[in-house]
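Here is how the chains run, residue by residue.
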Amino acid sequence: MFARLARGFARPLRASPFAPAPAGPAAALGPALAAPGRAGSRSGAGLANLQILRGFAAGIVLVHHAATYAQALRGAERPFATLDAMMGLWGVSVFFALSGFLMAGLVTRDRPLVFLAHRVVRIFPTYLAVVALFAALFAALGLSVGGLTPLALSLAPAGPRSYPLNVEWTLVFETSFYVVLFLIAVAGLARRLVPLALGWLALLAAAFLLLPGGTRDATLPPLYLLPLTAACMPFVGGLLLPRLIATGHIRPATGLLALPLAAACLLLDTDMARWLGGIAAVLLVGAAAAGPQIRGRGWAARGALALGDGSYVLYLVHVPVLTLTAWACPAEWSGLAYGATGIAAALAVTALLGPLDLTLYRRLRRRIDAAPLPALRRGLSLYLVLFLACAAWGSTETARNDWQDVRARAALAQLPPDVFTTPSLARTAISGRGLALPPSVQSALEAIEPVSPTEAVVSAFAYDGQAPKRAMRLALFCGGQFVGLDRPRRMRKDLAARPGFEGSGKRRIGYRMRIPAEACSAERAAVAVAIDGDGLMAVLEQPSAL
(Lines give C-alpha, C1' and ligand atoms only; values in the text may rest on other atoms or scores of the structure.)
Protein backbone atom coordinates (compact mmCIF):
# COMPACT_ATOMS: atom_id res chain seq x y z
CA MET A 1 0.00 0.00 0.00
CA PHE A 2 2.83 2.44 0.83
CA ALA A 3 4.40 1.88 -2.61
CA ARG A 4 1.05 2.61 -4.18
CA LEU A 5 0.74 5.78 -2.12
CA ALA A 6 4.16 6.94 -3.29
CA ARG A 7 3.37 6.21 -6.94
CA GLY A 8 0.01 7.96 -6.67
CA PHE A 9 1.54 11.07 -5.14
CA ALA A 10 4.24 11.30 -7.82
CA ARG A 11 2.29 10.47 -10.95
CA PRO A 12 0.59 13.14 -13.10
CA LEU A 13 -2.92 13.94 -11.93
CA ARG A 14 -5.95 12.53 -13.66
CA ALA A 15 -9.48 13.59 -13.04
CA SER A 16 -11.08 11.07 -10.74
CA PRO A 17 -14.29 9.62 -12.10
CA PHE A 18 -17.48 10.52 -10.34
CA ALA A 19 -18.94 8.08 -7.90
CA PRO A 20 -22.21 6.52 -9.04
CA ALA A 21 -24.73 9.33 -8.95
CA PRO A 22 -27.54 8.89 -6.46
CA ALA A 23 -31.05 9.00 -7.73
CA GLY A 24 -33.47 11.69 -6.70
CA PRO A 25 -32.67 15.05 -5.16
CA ALA A 26 -29.19 14.00 -4.04
CA ALA A 27 -28.11 13.66 -7.65
CA ALA A 28 -27.88 17.43 -7.94
CA LEU A 29 -25.36 17.67 -5.13
CA GLY A 30 -22.25 16.60 -7.05
CA PRO A 31 -21.23 19.91 -8.63
CA ALA A 32 -22.26 21.91 -5.58
CA LEU A 33 -20.15 20.20 -2.97
CA ALA A 34 -17.19 22.53 -3.12
CA ALA A 35 -18.03 25.57 -1.07
CA PRO A 36 -20.62 27.63 0.69
CA GLY A 37 -22.14 30.28 -1.50
CA ARG A 38 -24.79 32.95 -1.64
CA ALA A 39 -28.46 32.24 -1.66
CA GLY A 40 -29.46 31.65 -5.22
CA SER A 41 -25.93 30.59 -6.21
CA ARG A 42 -24.90 27.06 -7.02
CA SER A 43 -24.62 26.11 -3.34
CA GLY A 44 -27.76 27.98 -2.48
CA ALA A 45 -29.68 26.03 -5.11
CA GLY A 46 -28.17 22.59 -4.61
CA LEU A 47 -27.36 22.60 -0.90
CA ALA A 48 -29.88 24.98 0.61
CA ASN A 49 -31.07 22.51 3.25
CA LEU A 50 -27.51 21.70 4.25
CA GLN A 51 -26.55 25.37 4.40
CA ILE A 52 -29.47 25.99 6.75
CA LEU A 53 -28.41 23.00 8.85
CA ARG A 54 -24.89 24.39 8.97
CA GLY A 55 -26.19 27.72 10.24
CA PHE A 56 -28.42 25.94 12.77
CA ALA A 57 -25.45 23.98 14.09
CA ALA A 58 -23.33 27.12 14.46
CA GLY A 59 -26.22 28.86 16.19
CA ILE A 60 -26.79 26.23 18.86
CA VAL A 61 -23.04 26.01 19.56
CA LEU A 62 -23.12 29.81 20.04
CA VAL A 63 -26.01 29.55 22.51
CA HIS A 64 -24.21 26.74 24.37
CA HIS A 65 -21.05 28.80 24.77
CA ALA A 66 -22.99 31.93 25.71
CA ALA A 67 -24.53 30.01 28.63
CA THR A 68 -21.18 28.46 29.55
CA TYR A 69 -19.30 31.76 29.56
CA ALA A 70 -22.11 33.54 31.38
CA GLN A 71 -21.52 31.11 34.23
CA ALA A 72 -17.72 30.92 34.02
CA LEU A 73 -17.02 34.64 33.55
CA ARG A 74 -20.05 36.28 35.14
CA GLY A 75 -21.19 33.79 37.79
CA ALA A 76 -24.64 33.51 36.21
CA GLU A 77 -26.94 30.59 36.85
CA ARG A 78 -27.43 27.90 34.19
CA PRO A 79 -31.00 26.76 34.79
CA PHE A 80 -30.89 24.45 31.77
CA ALA A 81 -27.28 23.28 32.05
CA THR A 82 -27.91 19.77 30.72
CA LEU A 83 -29.83 21.10 27.72
CA ASP A 84 -27.32 23.78 26.75
CA ALA A 85 -24.43 21.32 27.18
CA MET A 86 -26.13 18.94 24.77
CA MET A 87 -26.68 21.81 22.34
CA GLY A 88 -22.92 22.04 21.96
CA LEU A 89 -22.66 18.29 21.37
CA TRP A 90 -25.52 18.30 18.86
CA GLY A 91 -24.09 21.25 16.95
CA VAL A 92 -20.66 19.67 16.57
CA SER A 93 -22.22 16.34 15.55
CA VAL A 94 -24.17 18.07 12.77
CA PHE A 95 -20.98 19.81 11.59
CA PHE A 96 -19.12 16.51 11.40
CA ALA A 97 -21.99 14.67 9.69
CA LEU A 98 -22.22 17.45 7.09
CA SER A 99 -18.48 17.29 6.55
CA GLY A 100 -18.48 13.52 6.09
CA PHE A 101 -21.33 13.67 3.58
CA LEU A 102 -19.75 16.46 1.54
CA MET A 103 -16.25 14.97 1.62
CA ALA A 104 -17.59 11.62 0.41
CA GLY A 105 -18.61 13.39 -2.79
CA LEU A 106 -15.56 15.60 -3.14
CA VAL A 107 -12.96 12.89 -2.63
CA THR A 108 -14.39 10.89 -5.54
CA ARG A 109 -14.97 13.94 -7.72
CA ASP A 110 -11.74 15.93 -7.39
CA ARG A 111 -8.19 14.90 -8.08
CA PRO A 112 -6.41 14.09 -4.79
CA LEU A 113 -4.06 17.09 -4.77
CA VAL A 114 -6.87 19.47 -5.70
CA PHE A 115 -9.10 17.94 -3.01
CA LEU A 116 -6.54 18.53 -0.26
CA ALA A 117 -5.49 21.96 -1.55
CA HIS A 118 -9.11 23.15 -1.51
CA ARG A 119 -9.53 21.91 2.04
CA VAL A 120 -6.33 23.54 3.28
CA VAL A 121 -7.23 26.95 1.86
CA ARG A 122 -10.76 26.62 3.26
CA ILE A 123 -9.50 26.13 6.80
CA PHE A 124 -6.21 27.93 7.33
CA PRO A 125 -6.28 31.44 5.76
CA THR A 126 -9.46 32.52 7.55
CA TYR A 127 -8.45 30.75 10.75
CA LEU A 128 -5.03 32.42 10.91
CA ALA A 129 -6.54 35.80 10.00
CA VAL A 130 -9.08 35.54 12.84
CA VAL A 131 -6.35 34.49 15.28
CA ALA A 132 -4.20 37.46 14.24
CA LEU A 133 -7.16 39.85 14.52
CA PHE A 134 -8.14 38.83 18.05
CA ALA A 135 -4.55 38.43 19.27
CA ALA A 136 -3.91 42.05 18.26
CA LEU A 137 -7.19 43.24 19.77
CA PHE A 138 -6.64 41.40 23.05
CA ALA A 139 -3.07 42.73 23.27
CA ALA A 140 -4.30 46.30 22.71
CA LEU A 141 -6.78 45.86 25.57
CA GLY A 142 -4.20 44.29 27.89
CA LEU A 143 -5.81 40.85 27.75
CA SER A 144 -3.90 37.61 27.25
CA VAL A 145 -4.26 35.03 24.49
CA GLY A 146 -2.92 31.51 24.94
CA GLY A 147 -1.94 28.87 22.45
CA LEU A 148 0.03 31.03 20.02
CA THR A 149 2.49 28.23 19.25
CA PRO A 150 3.36 26.51 15.96
CA LEU A 151 2.09 23.21 17.33
CA ALA A 152 -1.33 24.66 18.17
CA LEU A 153 -1.63 26.69 14.96
CA SER A 154 -0.82 23.63 12.84
CA LEU A 155 -4.18 22.11 13.88
CA ALA A 156 -2.46 18.73 13.95
CA PRO A 157 -3.68 16.02 16.38
CA ALA A 158 -1.07 16.55 19.09
CA GLY A 159 -2.95 15.92 22.33
CA PRO A 160 -4.24 18.34 24.99
CA ARG A 161 -2.92 21.91 24.77
CA SER A 162 -4.22 25.46 24.74
CA TYR A 163 -5.50 27.16 21.59
CA PRO A 164 -6.01 30.87 20.89
CA LEU A 165 -9.72 30.72 19.96
CA ASN A 166 -10.70 27.88 22.33
CA VAL A 167 -12.75 26.14 19.62
CA GLU A 168 -9.97 24.51 17.61
CA TRP A 169 -10.56 20.94 18.71
CA THR A 170 -13.12 20.42 15.94
CA LEU A 171 -10.69 21.86 13.38
CA VAL A 172 -8.06 19.38 14.54
CA PHE A 173 -10.52 16.59 13.73
CA GLU A 174 -11.45 18.17 10.39
CA THR A 175 -7.87 18.59 9.17
CA SER A 176 -7.12 15.01 10.23
CA PHE A 177 -10.16 13.73 8.32
CA TYR A 178 -9.01 15.60 5.21
CA VAL A 179 -5.51 14.13 5.35
CA VAL A 180 -6.90 10.61 5.80
CA LEU A 181 -9.24 11.00 2.83
CA PHE A 182 -6.41 12.41 0.72
CA LEU A 183 -4.26 9.37 1.49
CA ILE A 184 -7.18 7.08 0.64
CA ALA A 185 -7.62 8.87 -2.69
CA VAL A 186 -3.90 8.79 -3.53
CA ALA A 187 -3.88 5.07 -2.78
CA GLY A 188 -6.65 4.61 -5.35
CA LEU A 189 -9.18 3.52 -2.73
CA ALA A 190 -11.70 6.35 -2.99
CA ARG A 191 -14.19 4.02 -4.71
CA ARG A 192 -13.96 1.72 -1.68
CA LEU A 193 -14.95 4.44 0.74
CA VAL A 194 -18.06 2.61 1.92
CA PRO A 195 -16.31 -0.59 3.12
CA LEU A 196 -13.52 1.52 4.62
CA ALA A 197 -16.08 3.63 6.49
CA LEU A 198 -17.86 0.50 7.72
CA GLY A 199 -14.55 -0.83 9.01
CA TRP A 200 -13.87 2.46 10.78
CA LEU A 201 -17.34 2.35 12.32
CA ALA A 202 -16.65 -1.18 13.65
CA LEU A 203 -13.36 0.08 15.10
CA LEU A 204 -15.18 2.92 16.86
CA ALA A 205 -17.72 0.48 18.29
CA ALA A 206 -14.94 -1.77 19.61
CA ALA A 207 -13.16 1.24 21.12
CA PHE A 208 -16.38 2.32 22.82
CA LEU A 209 -16.69 -1.08 24.47
CA LEU A 210 -13.02 -1.60 25.38
CA LEU A 211 -11.41 1.79 26.10
CA PRO A 212 -11.87 3.79 29.33
CA GLY A 213 -14.30 6.70 29.16
CA GLY A 214 -11.72 9.50 29.26
CA THR A 215 -9.93 8.00 26.26
CA ARG A 216 -12.86 7.24 23.97
CA ASP A 217 -14.42 10.68 24.53
CA ALA A 218 -11.26 12.81 24.29
CA THR A 219 -11.80 16.06 22.40
CA LEU A 220 -8.08 16.78 21.99
CA PRO A 221 -6.63 13.32 21.41
CA PRO A 222 -3.12 12.59 20.17
CA LEU A 223 -2.69 11.13 16.69
CA TYR A 224 -2.78 7.53 17.88
CA LEU A 225 -6.15 7.94 19.66
CA LEU A 226 -8.02 10.26 17.29
CA PRO A 227 -9.44 7.50 15.02
CA LEU A 228 -10.85 5.75 18.11
CA THR A 229 -12.71 8.67 19.70
CA ALA A 230 -16.49 8.86 19.68
CA ALA A 231 -16.44 12.33 18.08
CA CYS A 232 -15.49 10.64 14.77
CA MET A 233 -18.78 8.76 14.61
CA PRO A 234 -20.92 11.41 12.82
CA PHE A 235 -18.17 12.04 10.25
CA VAL A 236 -17.90 8.33 9.48
CA GLY A 237 -21.69 8.11 9.28
CA GLY A 238 -21.67 11.07 6.90
CA LEU A 239 -19.29 9.19 4.60
CA LEU A 240 -21.94 6.48 4.25
CA LEU A 241 -24.81 8.86 3.48
CA PRO A 242 -24.42 9.06 -0.32
CA ARG A 243 -24.77 5.27 -0.58
CA LEU A 244 -27.65 5.19 1.94
CA ILE A 245 -29.49 7.92 0.03
CA ALA A 246 -28.85 6.26 -3.35
CA THR A 247 -30.22 2.92 -2.12
CA GLY A 248 -33.30 4.52 -0.57
CA HIS A 249 -32.41 3.73 3.03
CA ILE A 250 -32.44 7.44 3.92
CA ARG A 251 -35.57 9.40 2.98
CA PRO A 252 -36.84 12.82 4.04
CA ALA A 253 -39.06 11.30 6.74
CA THR A 254 -36.06 9.49 8.23
CA GLY A 255 -35.04 12.77 9.84
CA LEU A 256 -37.91 12.38 12.33
CA LEU A 257 -35.96 9.55 13.98
CA ALA A 258 -33.34 12.10 15.00
CA LEU A 259 -35.72 13.70 17.50
CA PRO A 260 -36.06 10.83 20.03
CA LEU A 261 -32.34 10.05 19.69
CA ALA A 262 -31.40 13.65 20.44
CA ALA A 263 -33.81 13.73 23.37
CA ALA A 264 -32.30 10.53 24.79
CA CYS A 265 -28.92 12.28 24.95
CA LEU A 266 -30.26 14.38 27.84
CA LEU A 267 -30.51 11.23 29.98
CA LEU A 268 -27.13 9.65 29.17
CA ASP A 269 -23.46 10.23 29.93
CA THR A 270 -21.34 12.09 27.40
CA ASP A 271 -19.82 8.94 25.89
CA MET A 272 -23.16 7.44 24.95
CA ALA A 273 -24.62 10.84 24.06
CA ARG A 274 -21.91 11.35 21.43
CA TRP A 275 -22.97 8.13 19.75
CA LEU A 276 -26.71 8.81 19.87
CA GLY A 277 -26.19 12.47 18.97
CA GLY A 278 -23.95 11.40 16.10
CA ILE A 279 -26.55 8.97 14.75
CA ALA A 280 -29.22 11.67 15.06
CA ALA A 281 -27.00 14.14 13.17
CA VAL A 282 -26.37 11.64 10.35
CA LEU A 283 -30.11 10.97 10.00
CA LEU A 284 -30.86 14.70 9.99
CA VAL A 285 -28.23 15.50 7.35
CA GLY A 286 -29.34 12.57 5.22
CA ALA A 287 -32.98 13.65 5.37
CA ALA A 288 -32.01 17.24 4.50
CA ALA A 289 -29.97 16.08 1.49
CA ALA A 290 -32.62 13.63 0.24
CA GLY A 291 -35.58 15.98 0.57
CA PRO A 292 -36.77 18.88 -1.60
CA GLN A 293 -34.42 21.83 -1.25
CA ILE A 294 -35.68 25.05 0.32
CA ARG A 295 -35.65 27.95 -2.12
CA GLY A 296 -34.00 31.18 -1.06
CA ARG A 297 -37.22 33.20 -1.21
CA GLY A 298 -38.46 35.28 1.67
CA TRP A 299 -36.49 36.96 4.44
CA ALA A 300 -36.46 33.89 6.71
CA ALA A 301 -34.97 31.59 4.07
CA ARG A 302 -32.46 34.21 2.97
CA GLY A 303 -31.42 34.85 6.57
CA ALA A 304 -31.02 31.14 7.30
CA LEU A 305 -28.91 30.68 4.16
CA ALA A 306 -26.79 33.71 5.05
CA LEU A 307 -26.17 32.26 8.51
CA GLY A 308 -25.08 29.03 6.86
CA ASP A 309 -22.72 30.93 4.57
CA GLY A 310 -21.14 32.65 7.58
CA SER A 311 -21.14 29.61 9.85
CA TYR A 312 -17.36 29.05 9.67
CA VAL A 313 -16.59 32.64 10.64
CA LEU A 314 -19.25 32.53 13.37
CA TYR A 315 -17.69 29.39 14.78
CA LEU A 316 -14.23 30.96 14.83
CA VAL A 317 -15.11 34.33 16.30
CA HIS A 318 -17.84 33.60 18.81
CA VAL A 319 -15.74 32.61 21.84
CA PRO A 320 -13.35 35.61 21.59
CA VAL A 321 -16.38 37.87 21.12
CA LEU A 322 -18.10 36.35 24.17
CA THR A 323 -14.90 36.88 26.17
CA LEU A 324 -14.65 40.52 25.10
CA THR A 325 -18.33 41.02 25.86
CA ALA A 326 -17.81 39.72 29.40
CA TRP A 327 -14.89 42.15 29.80
CA ALA A 328 -16.90 45.11 28.48
CA CYS A 329 -20.30 44.54 30.09
CA PRO A 330 -21.04 46.20 33.45
CA ALA A 331 -20.74 43.82 36.41
CA GLU A 332 -24.37 44.35 37.41
CA TRP A 333 -25.74 43.00 34.14
CA SER A 334 -27.60 39.72 34.41
CA GLY A 335 -26.41 36.55 32.73
CA LEU A 336 -29.30 36.81 30.27
CA ALA A 337 -28.35 40.38 29.30
CA TYR A 338 -24.72 39.36 28.88
CA GLY A 339 -25.63 36.30 26.80
CA ALA A 340 -27.99 38.22 24.51
CA THR A 341 -25.39 40.95 24.00
CA GLY A 342 -22.64 38.42 23.30
CA ILE A 343 -24.80 36.53 20.79
CA ALA A 344 -25.75 39.75 19.00
CA ALA A 345 -22.11 40.87 18.90
CA ALA A 346 -20.96 37.51 17.49
CA LEU A 347 -23.61 37.67 14.77
CA ALA A 348 -22.63 41.25 13.95
CA VAL A 349 -18.94 40.34 13.59
CA THR A 350 -19.96 37.39 11.41
CA ALA A 351 -22.05 39.66 9.17
CA LEU A 352 -18.98 41.86 8.74
CA LEU A 353 -16.33 39.18 8.19
CA GLY A 354 -18.38 36.38 6.59
CA PRO A 355 -18.49 37.86 3.06
CA LEU A 356 -14.74 38.51 3.22
CA ASP A 357 -14.17 34.87 4.12
CA LEU A 358 -16.21 33.63 1.15
CA THR A 359 -14.52 36.04 -1.25
CA LEU A 360 -11.08 34.98 -0.06
CA TYR A 361 -11.93 31.29 -0.42
CA ARG A 362 -13.30 31.67 -3.93
CA ARG A 363 -10.19 33.53 -5.06
CA LEU A 364 -7.88 30.95 -3.53
CA ARG A 365 -9.87 28.13 -5.15
CA ARG A 366 -9.48 29.75 -8.55
CA ARG A 367 -5.73 30.12 -8.01
CA ILE A 368 -5.45 26.46 -7.02
CA ASP A 369 -7.46 25.33 -10.03
CA ALA A 370 -5.11 27.32 -12.29
CA ALA A 371 -1.88 26.39 -10.47
CA PRO A 372 0.75 24.22 -12.20
CA LEU A 373 0.80 20.67 -10.88
CA PRO A 374 4.45 20.78 -9.69
CA ALA A 375 3.71 23.86 -7.57
CA LEU A 376 0.69 22.16 -6.01
CA ARG A 377 2.69 19.04 -5.34
CA ARG A 378 5.53 20.97 -3.66
CA GLY A 379 3.19 23.05 -1.54
CA LEU A 380 1.13 20.11 -0.33
CA SER A 381 4.23 18.00 0.30
CA LEU A 382 5.48 20.74 2.62
CA TYR A 383 2.08 20.95 4.32
CA LEU A 384 1.90 17.20 4.88
CA VAL A 385 5.45 17.06 6.25
CA LEU A 386 4.71 19.88 8.71
CA PHE A 387 1.30 18.46 9.67
CA LEU A 388 2.60 14.95 10.31
CA ALA A 389 5.73 16.23 12.07
CA CYS A 390 3.63 18.36 14.44
CA ALA A 391 1.27 15.44 15.06
CA ALA A 392 4.17 13.09 15.80
CA TRP A 393 5.94 15.61 18.03
CA GLY A 394 2.87 16.53 20.04
CA SER A 395 1.60 12.95 20.28
CA THR A 396 4.98 11.72 21.53
CA GLU A 397 4.97 14.45 24.14
CA THR A 398 1.41 13.52 25.15
CA ALA A 399 2.31 9.83 25.47
CA ARG A 400 5.31 10.70 27.64
CA ASN A 401 3.20 12.98 29.84
CA ASP A 402 0.47 10.36 30.18
CA TRP A 403 3.03 7.75 31.23
CA GLN A 404 4.47 10.11 33.85
CA ASP A 405 0.96 10.79 35.15
CA VAL A 406 0.35 7.04 35.47
CA ARG A 407 3.56 6.64 37.47
CA ALA A 408 2.68 9.59 39.71
CA ARG A 409 -0.75 8.16 40.45
CA ALA A 410 0.79 4.77 41.19
CA ALA A 411 3.17 6.42 43.67
CA LEU A 412 0.29 8.20 45.44
CA ALA A 413 -1.63 4.92 45.63
CA GLN A 414 1.09 3.49 47.91
CA LEU A 415 -0.19 5.71 50.72
CA PRO A 416 -3.59 5.54 52.43
CA PRO A 417 -5.93 8.28 51.15
CA ASP A 418 -6.55 9.70 54.64
CA VAL A 419 -2.93 10.82 55.05
CA PHE A 420 -3.54 13.71 52.65
CA THR A 421 -5.93 15.51 55.00
CA THR A 422 -3.16 17.73 56.45
CA PRO A 423 0.43 18.55 55.39
CA SER A 424 1.91 17.13 58.61
CA LEU A 425 0.16 13.77 58.24
CA ALA A 426 1.28 13.54 54.61
CA ARG A 427 4.93 14.33 55.48
CA THR A 428 4.95 11.73 58.27
CA ALA A 429 3.48 9.02 56.00
CA ILE A 430 5.88 9.80 53.15
CA SER A 431 8.93 9.70 55.44
CA GLY A 432 7.70 6.53 57.14
CA ARG A 433 7.56 4.72 53.79
CA GLY A 434 11.01 5.96 52.75
CA LEU A 435 9.52 7.89 49.82
CA ALA A 436 10.77 11.37 50.69
CA LEU A 437 12.55 13.48 48.08
CA PRO A 438 16.01 14.77 49.10
CA PRO A 439 16.29 18.00 51.14
CA SER A 440 17.73 19.77 48.08
CA VAL A 441 14.18 19.97 46.65
CA GLN A 442 12.72 23.40 47.28
CA SER A 443 9.00 23.82 46.74
CA ALA A 444 6.02 25.88 47.78
CA LEU A 445 2.29 26.09 47.29
CA GLU A 446 2.00 29.85 46.79
CA ALA A 447 -1.69 30.58 46.31
CA ILE A 448 -5.13 29.28 45.42
CA GLU A 449 -6.88 32.24 43.85
CA PRO A 450 -10.35 32.50 42.26
CA VAL A 451 -10.22 33.63 38.64
CA SER A 452 -13.96 33.38 38.00
CA PRO A 453 -17.08 32.42 39.96
CA THR A 454 -16.53 28.79 38.97
CA GLU A 455 -12.75 28.39 38.72
CA ALA A 456 -9.64 28.90 40.85
CA VAL A 457 -5.96 28.75 39.92
CA VAL A 458 -3.33 26.97 42.01
CA SER A 459 0.18 28.51 41.83
CA ALA A 460 3.21 26.53 43.00
CA PHE A 461 6.80 25.60 42.20
CA ALA A 462 9.21 22.72 42.83
CA TYR A 463 12.92 22.50 41.95
CA ASP A 464 15.92 20.38 42.92
CA GLY A 465 19.09 22.46 42.74
CA GLN A 466 21.24 19.33 43.06
CA ALA A 467 19.41 17.54 40.25
CA PRO A 468 18.03 20.24 37.91
CA LYS A 469 16.71 17.67 35.43
CA ARG A 470 14.48 16.04 38.03
CA ALA A 471 10.94 16.28 36.62
CA MET A 472 8.13 16.45 39.15
CA ARG A 473 4.35 16.29 38.99
CA LEU A 474 2.13 18.29 41.33
CA ALA A 475 -0.76 16.50 43.03
CA LEU A 476 -3.35 18.57 44.91
CA PHE A 477 -5.64 17.32 47.67
CA CYS A 478 -8.29 19.35 49.46
CA GLY A 479 -9.95 17.99 52.58
CA GLY A 480 -8.27 14.66 51.84
CA GLN A 481 -9.89 14.43 48.40
CA PHE A 482 -7.77 14.23 45.25
CA VAL A 483 -8.38 17.34 43.11
CA GLY A 484 -5.92 17.13 40.25
CA LEU A 485 -2.49 16.36 38.83
CA ASP A 486 -0.39 18.80 36.84
CA ARG A 487 3.02 19.11 35.23
CA PRO A 488 5.30 22.18 35.37
CA ARG A 489 4.35 24.60 32.59
CA ARG A 490 5.94 27.93 33.55
CA MET A 491 9.39 29.43 33.73
CA ARG A 492 10.11 31.06 37.10
CA LYS A 493 12.96 33.45 36.38
CA ASP A 494 11.93 35.41 39.48
CA LEU A 495 13.33 32.54 41.59
CA ALA A 496 16.64 32.12 39.76
CA ALA A 497 18.55 34.49 42.09
CA ARG A 498 17.62 32.59 45.26
CA PRO A 499 20.08 30.14 46.84
CA GLY A 500 19.42 26.61 45.62
CA PHE A 501 17.77 27.74 42.40
CA GLU A 502 20.91 27.96 40.29
CA GLY A 503 20.15 26.95 36.71
CA SER A 504 16.38 27.17 37.18
CA GLY A 505 15.90 30.17 34.90
CA LYS A 506 15.79 28.04 31.75
CA ARG A 507 13.57 25.26 33.13
CA ARG A 508 9.87 24.96 33.67
CA ILE A 509 9.45 24.62 37.41
CA GLY A 510 6.20 26.54 37.97
CA TYR A 511 2.71 25.09 38.20
CA ARG A 512 -0.55 26.82 37.39
CA MET A 513 -3.42 24.38 37.78
CA ARG A 514 -7.05 25.28 37.16
CA ILE A 515 -9.51 23.66 39.55
CA PRO A 516 -13.24 24.03 40.34
CA ALA A 517 -13.71 26.97 42.70
CA GLU A 518 -15.54 24.85 45.27
CA ALA A 519 -12.87 22.12 45.36
CA CYS A 520 -10.65 23.93 47.88
CA SER A 521 -12.87 26.01 50.13
CA ALA A 522 -11.63 27.59 53.35
CA GLU A 523 -12.94 24.62 55.33
CA ARG A 524 -10.99 22.06 53.29
CA ALA A 525 -7.24 22.02 54.00
CA ALA A 526 -5.07 21.98 50.89
CA VAL A 527 -2.15 19.55 50.59
CA ALA A 528 0.17 19.81 47.57
CA VAL A 529 2.63 17.00 46.85
CA ALA A 530 5.53 16.96 44.36
CA ILE A 531 6.24 13.50 42.86
CA ASP A 532 9.27 12.63 40.74
CA GLY A 533 9.64 9.89 38.14
CA ASP A 534 10.88 7.38 40.74
CA GLY A 535 7.85 7.84 42.97
CA LEU A 536 9.62 9.97 45.59
CA MET A 537 7.50 12.74 47.12
CA ALA A 538 7.64 15.99 49.05
CA VAL A 539 4.84 18.01 50.61
CA LEU A 540 5.04 21.60 49.43
CA GLU A 541 5.48 24.38 51.96
CA GLN A 542 2.55 26.74 52.05
CA PRO A 543 1.45 30.01 53.64
CA SER A 544 -0.51 29.67 56.86
CA ALA A 545 -3.46 31.37 55.16
CA LEU A 546 -3.95 28.25 53.04
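The preceding data block contains the structure.
Predicted model only: the values in this text are computed from it and were never measured.

Peer 1: Can you lay out the environment of serine 334 for me, pointing to particular residues and giving the numbers?
Peer 2: Residue position: serine 334 is located in the loop between α14 (311-328) and α15 (335-370). For the pair serine 334 and glycine 75, spaced 259 residues apart in sequence, the C-alpha separation works out to 9.4 Å. Looking at serine 334, its side chain comes within polar contact range of the main-chain nitrogen of alanine 337, at 3.1 Å.

Peer 1: Tell me what's going on with the environment of alanine 530, and back it up with residues and numbers.
Peer 2: The topology assignment puts alanine 530 in strand β7 (residues 526-532). Residue alanine 530 is classed as buried on the basis of its relative accessible area, which comes to 1%. The sequence separation of alanine 530 and tyrosine 463 amounts to 67 residues, and the corresponding C-alpha distance is 9.5 Å.

Peer 1: Explain helix α13 (residues 299-309) to me, using residue names and the numbers behind them.
Peer 2: Note on helix geometry: an α-helix contains 3.6 residues per turn, so any two residues three or four positions apart are oriented the same way. Listed as buried for α13 are Ala301, Leu305, Gly308 and Asp309. All buried residues of α13 fall inside an arc of 100° around its axis, so they share one side.

Peer 1: Tell me about the sheet that holds strand β3 (residues 472-478), and name the residues and values.
Peer 2: Taken together, 4 strands build an open sheet; the order of strands is β4-β3-β7-β8 and the sheet is antiparallel. Edge strands, defined here as strands with exactly one partner in the open sheet, are β4 (481-486) and β8 (537-539). On average, each strand axis in the sheet is inclined to that of its neighbour by 25°, with strand direction left out of account. Bridge analysis of β3 against β7 gives 7 bridges, and the strand direction is antiparallel.

Peer 1: Residues and numbers for the nonpolar core, please.
Peer 2: In this structure, Leu50 and Leu181 are the most contacted members of the largest nonpolar core, which totals 109 residues. Considering every element that reaches this core, the biggest residue donor is helix α5 (residues 112-140), with 14 residues. In this view, leucine 50 contacts Leu98, Phe101, Leu102, Val285, Ala288 and Ala289; residues no more than four positions away in its chain are not counted. In terms of nonpolar packing, the next biggest core, distinct from the first, is built from 22 residues, Val458, Met472, Cys478 and Met513 among them.

Peer 1: Hey, could you go over the pairing of strand β2 (residues 455-464) for me, with residue numbers and the actual values?
Peer 2: In terms of residue burial, β2 counts as a mostly covered element, since 9 of its 10 residues are buried. Taken together, the 9 bridges between strand β1 (residues 441-450) and β2 define a ladder with antiparallel strand orientation. Along β2, the bridge assignment pairs glutamine 442 with tyrosine 463. Counted between consecutive antiparallel strands, the loop separating β1 from β2 contains 4 residues. By the bridge criterion, 7 bridges tie β2 to strand β6 (residues 508-516) in an arrangement that is antiparallel.

Peer 1: Any details on the pairing of β7? Residues and values, ideally.
Peer 2: Burial within β7 is extensive, with 7 of its 7 residues counted as buried. Burial of the side chains of β7 extends over both faces: Ala526, Ala528, Ala530 and Asp532 are buried on one face and Val527, Val529 and Ile531 on the other.

Peer 1: Which residues make up α5, and what values do they have?
Peer 2: With 29 residues, α5 should cover 42 Å at 1.5 Å per step; its first-to-last C-alpha distance of 42 Å lies within 8% of that length. Positive phi appears at glycine 142, one or two residues downstream of α5, with a value of about 80°.

Peer 1: Kindly report on the packing of aromatic side chains, identifying the contributing residues and their values.
Peer 2: The geometry of an aromatic ring pair is captured by the separation of the ring centres together with the interplanar angle, meaning the angle of the planes. Here the structure, examined in full by the defined rule, presents 17 aromatic pairs. Note on phenylalanine 177 and tryptophan 200: the rings are 6.0 Å apart at their centroids and 70° apart in plane angle, and the pair reads as edge-to-face. Taken together, the residues span a long stretch of sequence, with phenylalanine 177 in helix α7 (residues 169-186) and tryptophan 200 in helix α8 (residues 193-210) at a distance of 23 residues. Summarising the burial analysis for this pair, phenylalanine 177 and tryptophan 200 share the class buried. With a centroid separation of 5.8 Å and 15° between ring planes, the pair formed by tyrosine 463 and phenylalanine 501 is classed as stacked.

What counts as what
- Residues numbered from 1 in each chain as written.
- Predicted model: local features only at pLDDT ≥ 70, side-chain atom pairs only at ≥ 80, totals over all residues.
- Heavy atoms only, no water.
- Helix = DSSP H or I, 4+ residues; strand = E, 2+ residues; numbered from the N terminus.
- Polar contact = N/O pair within 3.5 Å; in protein donor to acceptor, adjacent residues only side chain to side chain.
- Buried < 20%, exposed > 50% of the residue type's maximum accessible area, 1.4 Å probe, protein only.
- Arc of directions from axis to C-beta.
- Pairing = 2+ DSSP bridges.
- Axes fitted to C-alpha atoms, helices over the stretch in contact; angles between N-to-C directions.
- Core = buried A, V, L, I, M, F, W, Y, C linked by side-chain atoms within 4.5 Å.
- Contact = heavy atoms within 4.5 Å.
- Expected span 1.5 Å × (residues − 1).
- Phe/Tyr/Trp six-rings, centres within 6.5 Å; stacked < 30°, edge-to-face > 60°.

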